[in-house]
Amino acid sequence: MDKMKMESIDLTTQNVEKIGALFPNCITETINENGTPKKAINFELLRQILSKDVLDGDEAYEFTWVGKKASIVEANRPIRKTLRPCTEGSVNWDDTENLYIEGDNLEVLKLLQESYLGKVKMIYIDPPYNTGNDFIYADNFTRSQEVENEQMGMYDENENRLFKNTNTNGRFHSDWCSMIYPRLMLARNLLSDDGVVFISIDDNEVQNLIKCCSEVFGENNFVAQIPWRKRTAKSDVPFGISQDYEFIICFAKSSRYFASVEGKGRKYYETPDFVGRPWRVHDLTKQTTASERPNSFFSIVNPKTNEEYPANPNRTWAITEETFRTYYEENRIVFPGDYDFLNIKRPVLRYWKEDDIKKAGDRFGRVAVSTKLPDNTGMSQDGTKEIMDLLGAKVFSFPKPSELIKYLISTSTESDNLILDFFSGSATTAHAVMQLNAEDGDALRGGTTGHRKFIMVQLPEPCDEKSEAYKAGYKNICEIGKERIRRAAKKIAAEHPDADFDGGFRVFKLDESNMNDVYYAAGDYTQNMLSMMESNIKSDRTSLDLLFGCLLEWGLPLSLPYTSEQIDGCTVHNYNDGDLIACFDENVPDSVIKEIARRQPLRAVFRDSSFNGSPAKINVGEIFKMLAPDTRVKVI
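Here is what the cut-offs are and how they apply
Residues numbered from 1 in each chain as written. Predicted model: local features only at pLDDT ≥ 70, side-chain atom pairs only at ≥ 80, totals over all residues. Heavy atoms only, no water. Helix = DSSP H or I, 4+ residues; strand = E, 2+ residues; numbered from the N terminus. Buried < 20%, exposed > 50% of the residue type's maximum accessible area, 1.4 Å probe, protein only. Contact = heavy atoms within 4.5 Å. Areas by Shrake-Rupley, 256 points an atom, 1.4 Å probe, with all protein chains shown as cover. pLDDT = per-residue confidence, 0-100. Axes fitted to C-alpha atoms, helices over the stretch in contact; angles between N-to-C directions. Parallel < 35°, antiparallel > 145°, perpendicular 65-115°, else oblique. Left-handed = near helix turned anticlockwise from the far one by under 90°. Nonpolar A, V, L, I, M, F, W, Y, C, P; charged D, E, K, R; others polar. Pairing = 2+ DSSP bridges. Expected span 1.5 Å × (residues − 1). Arc of directions from axis to C-beta. Core = buried A, V, L, I, M, F, W, Y, C linked by side-chain atoms within 4.5 Å. Phe/Tyr/Trp six-rings, centres within 6.5 Å; stacked < 30°, edge-to-face > 60°. Lys NZ or Arg CZ within 6 Å of the ring centre and 35° of its normal. Salt bridge = Lys/Arg side-chain N within 4 Å of Asp/Glu carboxyl O. Right-handed = clockwise from strand over helix to strand, strands pointing away. Disulfide = S-S within 2.5 Å. Polar contact = N/O pair within 3.5 Å; in protein donor to acceptor, adjacent residues only side chain to side chain.

Trainee: Describe the overall build of the protein, and please don't skip the residues or the numbers.
Mentor: The secondary structure content of the protein amounts to 19 helices and 23 strands. The buried share among the 636 residues of the protein stands at 50%. Restricting to contacts in the protein with at least 6 residues of sequence separation, those with at least 24 account for 68%. For the protein, the accessible surface area stands at approximately 32,600 Å², while carbon and sulfur atoms represent 49% of it.

Have a look at this one:
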């Protein structure tokens, strides 16, 4: 029995917990007056997180590296960029809720902070492993652009953001940590409270990755280090040990994730011959030998077809022959071919839902997930074969098999969740999302297709001209990823004709701000600037560019439907039926203003030049006060 404290609330401890919830990487440990550990705040690190500049002083936290403070500053530094819609490269632009974004993922993550804050249920990434032979992002932390170029050759003539981080680099591990850390900080903000991140990694940086994640997500939110077998053993390896495994590091956003996965239910089926009596299936074999269970070493014969299923000497049946006959009479045995939606090769045991409820009690519906991955999650060779079958050539090195990613998604998401991959590569994650959605539709006759959505982010890294990808016509990795999604969607649709899944995607490309830089000191103005000053918007930007730029500013998702119509000669965009209505024409007449106000949108936006001077702007404000007082009105 708990003893009453009979004292006031410990506000200091409460405040430490609050700071830990906001900034888990600022929590450390100290010793209290009784000699036992207690939580404390690393104030130096907290000061750095809340500062826009690199602060002086020794970096004394137990896990640090050269450039750590700068990487934190970089995560918090604002940028003047935007995401421009690219309808011509998209599939089913008007109706899809999936996104494919081309650009530096650090900058893209910054732009998504408002629109997708707390909305992503699962993140999967496969970042560079820092093997000494691969490429990592060259973020400009402490040195000028010119110094970066001169000293390390990080950027080529096209300003590509990658460099080869060789083992001879004195900042070998530091550069990798500085690359991954700010991205994890920004990614954490996007996760829902019950969200989770999975990160593929190998031996080179697994320890540093776990330390980075422990700071960013909090070490109490560590979920698992899952080994994944990437290949069969090789003989020509250093030290005689074949490194056949990689790892998948899993961290939760908060303790709410553990509560959500505890409640994941089993998959039950309801078929025409068992209406109102749902059931699931279970393996009918057991990991025992014939000598250990001689009564379970027999051949099962399907009485309906006379097909024989012999027992495996090293994995017998889980029941005796007598029990099999009893179960068959009770209609608990399901044979291959009994139900076309069950892909089984041997008999399985049918479990009735009501029996499960009685047996499980309070733990009904809780499914244990092990760090031992299922055998069908595949290896690297399966991912390569998948790419070759879809695209006709080995256009991407070491892709993960979609079955692996599909399994991770199935264990941690519901059918309508959002999944993010900001190291998209060949877009395996998008493939896995579509596949799982389609399979959800097949799982029950007349069932509901999954509605998970994906956001893929990938730097348009050029393909080497000597590579198979370049020879096959792919100039950069983004072209590979988008084409894979297109072909995978067609293949899945052919295999699951009744599954109405979303096989489209909207393409966006990272670019400089839509707005001209018009802020100059008085002495900096020249005659050549006058033409530019006529408009604060870049001349090559369309109204669609401006619309989606406003969505990012206002924190609205980029995947919702919208319409565009002509009202008294002006183009008016209506985003998600009134979430935002925008008109970017010049000299917008009162009739258009009044019509927009009458529709009472939540938000309205215009160009600054849509109105002829301050009196016109005041008039617009009065119109909205009268017709739509709750509408927030802004200009760009």
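Trainee: So what's going on with the confidence of the model for the protein? Which residues, and what values?
Mentor: For the protein, per-residue confidence averages 87 on the pLDDT scale, and 89% of positions sit at 70 or higher. Under a pLDDT of 50 for its full length, residues 141-158 has, in the predicted model, 32 contacts with residues more than four places off or in other chains.

Trainee: Tell me about the packing of helix H18 (residues 590-598) against helix H19 (residues 614-627), and name the residues and values.
Mentor: Where H18 contacts H19, the two axes come as close as 9 Å, and the packing angle between them is 30 degrees. Classified by the angle their axes make, H18 and H19 are roughly parallel. For the element pair H18 and H19, the recorded crossing hand is right-handed. Where H18 approaches H19, its residues Asp590, Ile593, Lys594, Ile596, Ala597 and Arg598 are matched on the opposing element by Asn619, Val620, Ile623, Phe624 and Leu627. Looking at the contact of H18 with H19 residue by residue, the class counts come to seven nonpolar, one polar and three charged.

Trainee: Before we move on, can you summarise unusual backbone geometry with the specific residues and values?
Mentor: The phi dihedral of asparagine 92 is positive, around 60 degrees, even though this residue is not glycine. Assignment of secondary structure puts asparagine 92 in the loop between strand E3 (81-85) and strand E4 (99-102). Overall, the relative accessible area of 41% leaves asparagine 92 in the partly exposed class.

Trainee: Tell me about the sheet that holds strand E8 (residues 191-201), and name the residues and values.
Mentor: In space, the nine strands of this open sheet follow the order E3-E18-E4-E17-E16-E5-E8-E10-E9, with mixed pairing throughout. With partners counted over all chains shown, the strands left at the sheet margins are E3 and strand E9 (222-229), one partner each. Neighbour-to-neighbour, the strand axes of the sheet open up by a mean angle of 20 degrees, direction not taken into account. As paired strands, E4 and strand E18 (residues 506-512) are joined by four bridges and run parallel to one another.

Trainee: I'd like to hear about H19, residue by residue, with values.
Mentor: Across its 14 residues, H19 extends 20 Å between first and last C-alpha, which sits within 8% of the 20 Å expected from 1.5 Å per residue. Among all positions in H19, only Val620, Ile623 and Phe624 are buried. One side of H19 holds all its buried residues, which, seen down the axis, span an arc of 95 degrees. Opposite the buried face of H19, at more than 90 degrees from it, the exposed residues are Pro615, Ile618, Lys625 and Met626. Taken together, the buried residues of H19 touch H18, strand E22 (603-606) and strand E23 (632-635).

Trainee: Break down the nonpolar core for me, with residues and values.
Mentor: Ranked by size, the top nonpolar core spans 80 residues in total, and within it Leu83, Phe548, Leu558 and Leu580 carry the most contacts. Examining the composition of this core, we find that 10 residues originate from one element, helix H6 (residues 172-190), more than from any other. In this view, phenylalanine 548 contacts Leu83, Pro85, Trp93, Arg506, Phe508, Leu558, Tyr562 and Tyr575; residues no more than four positions away in its chain are not counted. Counting residues in hydrophobic clusters, the runner-up holds 47 residues, among them Cys86, Ile226, Tyr474 and Phe505.

Trainee: Outline the packing of aromatic side chains, supporting the account with residue identities and numerical values.
Mentor: Throughout the structure, instances matching the rule amount to 22 aromatic pairs. Their ring planes at 55 degrees and their centres at 5.4 Å tell us that tyrosine 269 and tryptophan 279 sit as a pair that is tilted. On the criterion of sequence distance, the pair formed by tyrosine 269 in the loop between helix H8 (256-262) and strand E11 (279-283) and tryptophan 279 in strand E11 is long-range, its members being 10 residues apart. Note on tyrosine 269: relative accessible area 12%, which makes it buried. Judged by centre distance (6.2 Å) and plane angle (20 degrees), the ring pair of tyrosine 562 and tyrosine 575 falls under stacked. Of the two residues, tyrosine 562 sits in strand E19 (residues 562-567) while tyrosine 575 sits in strand E20 (residues 570-575), which places them 13 residues apart along the sequence. The exposure class assigned to tyrosine 562 is buried, which follows from its relative accessible area of 18%. Counting every residue linked through ring pairs, the aromatic cluster contains Trp93, Phe508, Phe548, Tyr562 and Tyr575. Seen from the ring of tryptophan 352, arginine 277 lies directly overhead, with NZ or CZ sitting 3.8 Å from the centre.

Trainee: Describe the pattern of salt bridges, naming the residues involved and giving the relevant values.
Mentor: On inspection of all chains with the given rule, the structure shows 39 salt bridges. The closest approach of N and O atoms between glutamate 586 and arginine 607, which form a salt bridge, is 3.6 Å. With glutamate 586 in the loop between strand E21 (580-583) and H18 and arginine 607 in the loop between E22 and H19, this residue pair connects regions lying 21 residues apart in the sequence. Measuring nitrogen to oxygen at the nearest pair gives 2.5 Å for the salt bridge that ties lysine 617 to aspartate 608. A single salt-bridge network, built from bridges that share partners, covers Arg84, Asp511, Asp540, Arg541 and Asp545.

Trainee: Give me the lowdown on the sheet that holds strand E14 (residues 333-334), citing residues and values where you can.
Mentor: Read from one edge of the open sheet, three strands run E11-E15-E14, paired in antiparallel fashion. The strands lining the two open edges of the sheet, one partner per strand, are E11 and E14. Pairing analysis gives five bridges linking E11 to strand E15 (residues 348-352), with the strands arranged antiparallel. When the sheet's bridge partners are listed, histidine 282 is paired in E15 with leucine 349. The sheet strands contacting helix H10 (residues 353-360) are E11 and E15, and the helix crosses E15 at an angle near 75 degrees.

Trainee: Quick one: what's the story with the pairing of E23, residue by residue and with numbers?
Mentor: Where E22 meets E23, four bridges bridge the pair, whose relative direction is parallel. Bridging across to E23, arginine 603 finds its partner in arginine 632. You can see the chain leave E22, run along H19 and come back into E23, and the turn it takes is right-handed.

Trainee: Any chance you could break down the state of the cysteines for me, citing the residues and the numbers?
Mentor: Summed over the entire model, instances satisfying the criterion amount to zero disulfides. Sulfur of cysteine 212: no disulfide; nearest cysteine sulfur belongs to cysteine 177 and is 4.4 Å away. No disulfide involves cysteine 463; its sulfur sits 9.5 Å from that of cysteine 478, the nearest cysteine. Look at cysteine 463 and you get buried, because its relative accessible area is 12%.

Trainee: If you had to explain the environment of aspartate 104 to someone new, which residues and values would you point to?
Mentor: Among the secondary structure elements, aspartate 104 is positioned in the loop between E4 and helix H4 (105-111). Among the residues examined, aspartate 104 registers a relative accessible area of 3% and is labelled buried. Aspartate 104 sits 319 residues away from phenylalanine 423 along the chain, and the two C-alpha atoms are 9.6 Å apart.

Trainee: Quick one: what's the story with the side chain of arginine 280, residue by residue and with numbers?
Mentor: Mapped onto the elements, arginine 280 comes out in strand E11. Given a relative accessible area of 9%, arginine 280 falls into the buried group. A polar side-chain atom of arginine 280 sits 2.7 Å from a polar atom in the side chain of aspartate 356. With residues near it in sequence (within four places) discarded, arginine 280 still touches Arg266, Lys267, Tyr268, Tyr269, Leu349, Arg350, Tyr351 and Asp356.

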